[in-house]
Amino acid sequence: MSQQTAHGGSAAWALVITSVAGFMAALDNLVVTTALPSIREDLGGALHDLEWTVSAYTLTFAVLLMFGAALGDRFGRRRLFTVGITVFTAASAAAAMASDIDSLIAARAVQGAGAAVMMPLTLTLLTAAVPEARRGAAYGIWGAVNGLAVASGPLVGGSLTEHISWQWIFWLNVPLGLILIPLARLRLAESHGTGAPLDLPGTLLASGGLFGIVYGLVRGPVDGWTATVVLAGLSAGTALLVGFVLHSIRAKNPMLPMRLFRSRAFAGINAASLLMFLGMFGSIFLLSQYMQGVLGYSPTEAGLRMLPWTGMPMLVAPIAGILSDRVGGRPVVATGLFLQALGLGHLALVATADASYAAQLPALIISGIGMALFFAPASTLVMSSVRPKEQGIASGANNALREVGGALGIAVMASIFASQGGYESGRTFVDGMRPALVTGAAVVALAGVATLFIPARRRPTAPTVPPAGPTPEPVLETAS
């Protein structure tokens, strides 16, 4: 049975704490990318090692998300949320103090594990603290902060690296974490899920399957898609996930009940989330390099010029949350996805080796509005598609699919880029980036189509007016 304990919890504090925690976890997905040259200069290491400073975080984050949500449901969401922040903060300090590339990779893996525990619990704790009538606006602010973190990772990483040092990418998390730990303990209300025992076989199957697939995806562009290790990872991961599905159908208390996917709302929003992150992550990964390597901007200058896209969630997402309360999440999410697809397609059309910023600006604005319209209503759709006791499971599954989508996006976009172009000149870079962006636009548009299969929100019917005249006496039924 779900338990709520009043412990100083309030909607405002929950919104602040969960938004900042989500920002920290989401930021570290792409924050390292623009710092890789400086990291290589300081710590050494081959390109293979530098790749792992990014993928080690993605791997542990993706494969442990559902397990983190299950732990929170079983042992207390606030308690495990605090544990996750503590692990993440300590690992950030270890990454900042790393003396060689191997210790940095290890710290990044532990960072991902901490983020996997705290990230899915942000939504369940926020949902428990905010009244239902105001959840759309709360999800809007939460979504704005998380969306900004995902998209601004290259800007933050580039600016800190350029003006201070790459270590401050990780030191930034430490004071935030030290502030959040006591606030979470004092200001958040404790809650639990169903109280069912942990599904250890399901956890091992899901974690192993996701590890195999994500490992194959991040190694594919480096080792080649026909490499033995890549094919083994993808094949083993797929087999383990099939085993996870079969186990979840038959188990008494599965970690992720397969019956949830019978809901068109749950299945549709999760498909849309995976596809949206696939198109968005891959596009940002290439566009950040395009602005620096082709157009000649510094990391900070490139980040500032992407602000019409990356900063738009801070302005539009709260409005999107309010709109979803009034008209439902489906039309807002679908509109956002189609707008982002339009923006990516326009960027592909105007991209040249000497494109002006004015030519790119409309596409950046359209993409930013589209991304902002997605985040908050999508969270509302995820959390409202299941029963309150299963919201931790739903949040963990949705976040895991987003991470897998992001890893897939970078792998697919990099593969398309490498097959059509390269780094030899600005022209060859654009030759590779254009088809990749077109692919990203098509995938995000497909996410919009998936959203249309979500049932429309039912409008409340008008109350029936009782007939005039005396109220009839109630009839009492007797048991026979």
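Residues numbered from 1 in each chain as written. Predicted model: local features only at pLDDT ≥ 70, side-chain atom pairs only at ≥ 80, totals over all residues. Heavy atoms only, no water.

**Quick look at the packing of aromatic side chains**
Our working rule: Stacked, tilted and edge-to-face are the three classes applied to pairs of Phe, Tyr and Trp rings, where Trp contributes its six-membered ring and a pair requires centres within 6.5 Å; stacked means planes under 30 degrees apart, edge-to-face means over 60, and tilted covers the rest. By definition, any uninterrupted DSSP run of H or I lasting at least four residues is a helix, any uninterrupted run of E lasting at least two residues is a strand, and each is numbered from the N terminus. A simple rule labels every residue: compare its accessible area, found with a 1.4 Å probe on the protein chains alone, to the largest value its type can have, and call it buried under 20%, exposed over 50%, or partly exposed in between.
Following the criterion strictly, the structure yields 5 aromatic pairs and no others. With 6.3 Å between their ring centres and 85 degrees between their planes, Trp166 and Phe170 make a pair best called edge-to-face. Each ring, one from Tyr290 and one from Phe429, has its centre 6.4 Å from the other, and the planes form 20 degrees; the classification is stacked. With a gap of 139 residues between them, Tyr290 in helix H11 (residues 264-294) and Phe429 in helix H18 (residues 426-451) connect regions that are remote in the sequence. Since its relative accessible area comes to 3%, Phe429 is described here as buried.

**Quick notes on H11**
Put simply, the rule reads: What a helix is expected to span follows from its residue count: subtract one and scale by 1.5 Å.
When the terminal C-alpha atoms of H11 are compared, their 44 Å separation across 31 residues agrees well with the 45 Å that a helix rising 1.5 Å per residue should span. With 23 of 31 residues buried, H11 lies mostly within the body of the structure.

**Considerations on the confidence of the model for the protein**
Heads up, the condition is: The predictor reports its confidence for every residue as pLDDT, a score running from 0 up to 100. The criterion used for residue contact is that any of the two residues' heavy atoms lie within 4.5 Å.
The predicted model of the protein averages 78 in pLDDT, with 86% of residues at 70 or higher. Segment residues 1-9: pLDDT under 50, and 24 contacts once partners within four positions in sequence are set aside and those in other chains are kept. Of the regions scoring below 50 in pLDDT, residues 459-480 engages in 0 contacts with residues more than four places distant in sequence or in other chains.

**Quick word on the side chain of Ser273**
So the rule is basically this: Here a polar contact means two N or O atoms within 3.5 Å. Within protein one must be a hydrogen donor candidate and the other an acceptor candidate, and residues neighboring in sequence count only if both atoms are side-chain atoms.
Within the element layout of this structure, Ser273 appears in helix H11. Reaching out from Ser273, the side chain makes a polar contact with the backbone oxygen of Ile269 at a distance of 2.8 Å. Those residues in contact with Ser273, other than ones at most four positions away along the chain, are Phe374, Asn398 and Arg402.

**Here we look at the environment of Thr238**
Note that Thr238 resides in helix H10 (residues 228-250). Judged by its relative accessible area of 42%, Thr238 falls in the partly exposed class. Residues Thr238 and Ala206, spaced 32 residues apart in sequence, show a C-alpha to C-alpha distance of 10.0 Å.

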